[in-house]
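Understanding the architecture of this molecule
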Amino acid sequence: MEFNHYSVMLHETIEQLNINPDGIYVDGTLGGGGHAYEVCSRLKNGHFYGIDQDDAAIAAASARLQPFGDKVTVIRNNYVNAVEALREYGVTGVDGIVLDLGVSSYQLDTEDRGFSYRFDAPLDMRMDRRQTLTARDIVNNYSEMELYHIIRDYGEDPFAKNIAKHIVKNRADKPIETTFELNEIIKAAVPAKMRQNGHPSKQTFQAIRIECNQELEVLKKALDELIDLLNPGGRFCIITFHSLEDRIVKNAFRRNENPCTCPPEFPVCVCGKVSKGKVITRKPILPSAEELEVNSRSKSAKLRVFEKK
């Protein structure tokens, strides 16, 4: 299947990056190379580094960015390791970073990846197929309490407790192997009158995917290091799709802008913590009405931007 992925808020992101034609740019979630293509087409003597952990994304983006020749370096890795990976290429500072978080359209639409409740497939959900932990392992091996916390916190599902209970009850008879088996279990756990508000599996699938790929932990761990990687005047653009992701980004940006930990009654700062830059987006940039018409998946997207001092 061709790697199709609609690049959310493409023009807004490119505009906010303030691209220097001779600068160094990084996309830590390369995907199909949509944002990357636009960055590369604006480079003169600059260089672009694209990072992704998904082998299908690496193949698709490499082909798409081929016209830019040796201005492009594609690396298979997780963006949490970006600083270390770039150091191997002698890069210690960059002029712009893009992260487009969450799952790609390609991953959702490729049936055998097991990301979607719309297709019957083995429970997989790994963004990096080299990792051993799968959605099947989570569904069959996590305790009822662990499942409840994941579905409640990452899926924000009001029926998390009942869904976790139903999963544990069903797997006692035989392991839960496929997405459709899980769908049926979730459906039985959600009251009939509540099933009209979209697909009952949506939030649970999202929660399991976030846990499987450790998406929030990776984000928390990477943000400060990536801000440190920026050259003065460099910009960091992050697109989130989940309220928890957005909160992590908003708090990290705010903390890097104003790291002072002195009590408010102190007349001057004595903690010695210095601001690393400024938050460009006091409120996140949201998709335009035109974009929402073309791509309904972008409706929860938020773009936040930080500029290095």
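Located above this text is the structure these notes cover.
What this report covers is the structure whose coordinates are included nearby. (Residues numbered from 1 in each chain as written. Predicted model: local features only at pLDDT ≥ 70, side-chain atom pairs only at ≥ 80, totals over all residues. Heavy atoms only, no water.)

1. Re helix α8 (residues 160-171)
The condition is simple: Working definition: helices are DSSP H or I runs of at least four residues, strands are E runs of at least two. Numbering for both runs from the N terminus. Each helix should span, by expectation, one fewer than its residue count multiplied by 1.5 Å. For every residue, the accessible area obtained with a 1.4 Å probe (protein chains only) is divided by the maximum for its type, and the residue is called buried under 20%, exposed over 50%, and partly exposed between those limits. Note that the arc is computed from the directions linking the helix axis to the C-beta atoms. Contact definition: two residues touch when any of their heavy atoms are within 4.5 Å.
With 12 residues, α8 should reach 16 Å at 1.5 Å per residue; the first-to-last C-alpha distance of 17 Å fits that figure. Here α8 has its buried residues at Ala160, Ile163, Ala164, Ile167 and Arg171. Seen along its axis, α8 keeps its buried residues to an arc of 100°; they face one direction. Turned more than 90 degrees off the buried face of α8, the exposed positions are Lys161 and Lys169. Of the surrounding elements, those touching the buried residues of α8 are α6 (135-141), α7 (144-153), α9 (179-189) and α10 (202-212).

2. Some words on the packing of helix α11 (residues 215-229) against helix α12 (residues 243-257)
Our working definition: Helix axes are fitted to C-alpha atoms over the stretch in contact, other axes to C-alpha atoms as well, and angles between N-to-C directions run from 0 to 180 degrees. In this scheme, roughly parallel covers angles under 35 degrees and roughly antiparallel covers those over 145, while 65 to 115 is roughly perpendicular and the rest are oblique. By convention, the crossing between two helices is left-handed when the near helix turns anticlockwise from the far helix through less than a right angle, and right-handed when the turn is clockwise. Classification convention: Asp, Glu, Lys, Arg as charged; Ala, Val, Leu, Ile, Met, Phe, Trp, Tyr, Cys, Pro as nonpolar; all other residues, Gly among them, as polar.
Interaxial distance between α11 and α12 falls to 10 Å at its minimum, and their mutual angle equals 20°. As judged from the angle between their axes, α11 and α12 are roughly parallel. The crossing of α11 and α12 is right-handed. Facing Glu215, Leu216, Leu219, Lys220, Leu223, Asp224 and Ile227 of α11, the residues of α12 in contact are Leu244, Glu245, Ile248, Val249, Ala252, Phe253, Arg255 and Asn256. Residues belonging to the contact of α11 with α12 are distributed by class as follows: 9 nonpolar, 1 polar and 5 charged.

3. Examining the packing of aromatic side chains
This is how it is decided: A pair of aromatic rings is counted whenever rings of Phe, Tyr or Trp (Trp by its six-membered ring) have centres within 6.5 Å, and the orientation is called stacked for planes under 30 degrees apart, edge-to-face for over 60 and tilted otherwise. Note on geometry: a ring has a charge over it if NZ (lysine) or CZ (arginine) is within 6 Å of the ring centre and within 35 degrees of the ring normal.
Within this structure, the stated rule accounts for 5 aromatic pairs. With centroids separated by 5.8 Å and ring planes inclined at 90°, the aromatic side chains of tyrosine 117 and phenylalanine 205 adopt a geometry described as edge-to-face. In this pair, tyrosine 117 is assigned in the loop between α5 (105-109) and α6 and phenylalanine 205 in helix α10, connecting sequence segments 88 residues apart. Ring pairs connect the aromatic residues Phe236, Phe253 and Phe306, which therefore count as one cluster. Here the basic side chain of lysine 161 rests over the ring of tyrosine 148, its NZ or CZ set 4.5 Å away from the ring centre.

4. Section: the sheet that holds strand β1 (residues 24-27)
Rule in force here: A pair of strands is considered paired only if DSSP assigns at least 2 bridges between the two.
Taken together, 7 strands build an open sheet; the order of strands is β3-β2-β1-β4-β5-β7-β6 and the sheet is mixed. What marks the edges here is a single partner per strand, and that holds for β3 (72-76) and β6 (277-279). On average, adjacent strands in this sheet sit at an angle of 15° to one another, irrespective of strand direction. Of the strands in this sheet, β1, β4 (94-100), β5 (230-240) and β7 (302-308) touch helix α1 (residues 10-17), which is tilted by about 165° from β5. Sheet strands touched by helix α3 (residues 55-64): β2 (47-52) and β3. Its angle to β3, the strand with the most contacts, is close to 170°.

5. So, the pattern of salt bridges
Stated formally: We count a salt bridge whenever a side-chain nitrogen from Lys or Arg sits within 4 Å of a carboxyl oxygen from Asp or Glu.
Scanning the entire structure with this criterion turns up 20 salt bridges. A salt bridge links arginine 42 to glutamate 38; the nearest nitrogen and oxygen atoms lie 3.0 Å apart. Judged by relative accessible area, glutamate 38 falls into the partly exposed class, the value being 23%. In this structure, arginine 136 engages glutamate 177 in a salt bridge whose closest nitrogen and oxygen atoms are separated by 2.7 Å. On the criterion of sequence distance, the pair formed by arginine 136 in helix α6 and glutamate 177 in the loop between α8 and α9 is long-range, its members being 41 residues apart. With relative accessibility at 27%, the residue arginine 136 sits in the partly exposed group. Salt bridges sharing common partners tie together Asp55, Arg76, Asp128, Arg129 and Arg130.

6. Focus: the nonpolar core
Within soluble globular proteins, side chains that are nonpolar tend to cluster in buried spots. Definition in use: Definition of nonpolar core: a set of buried residues of the types Ala, Val, Leu, Ile, Met, Phe, Trp, Tyr and Cys, connected through side-chain atoms within 4.5 Å.
Grouped together as the largest cluster of nonpolar side chains are 63 residues, with contacts concentrated most on Ile167, Leu182, Leu226 and Phe236. Here this core gets 8 residues from one element, more than from any other, and that element is α11. Ignoring any residue separated from it by four or fewer positions in sequence, one finds phenylalanine 236 in contact with Ile97, Leu99, Leu223, Leu226, Ile227, Leu230, Phe253, Arg304, Val305 and Phe306. In this structure, Tyr25, Cys237, Ile239 and Ala301 belong to the second largest nonpolar core, which totals 23 residues.

7. Digging into the environment of threonine 13
Note the threshold: N or O atoms within 3.5 Å of each other form a polar contact, as long as, within protein, one can give a hydrogen and the other can take it, and as long as residues adjacent in sequence are counted only when both atoms are side-chain atoms.
Counting through the fold element by element, threonine 13 comes out in helix α1. Through-space distance from the C-alpha of threonine 13 to that of asparagine 258 is 24 Å; in sequence the pair is 245 residues apart. Among residues more than four places away in sequence, those in contact with threonine 13 are Val8, His35, Val98, Cys237, Ile239 and Leu303. A polar side-chain atom of threonine 13 sits 2.6 Å from the main-chain carbonyl oxygen of methionine 9.

8. Things to note about the pairing of β3
What counts here: Here a crossover is taken to be right-handed if, once the strands point away from the viewer, the path from the first strand over the helix to the second is traced clockwise.
Pairing of β2 with β3, which is carried by 5 bridges, proceeds in the parallel orientation. Within β3, the position partnered with glycine 50 by the bridge is valine 74. Handedness of the β-α-β unit built from β2, α3 and β3 comes out right-handed.

Note that all results are geometric; they support no functional claim without further evidence.
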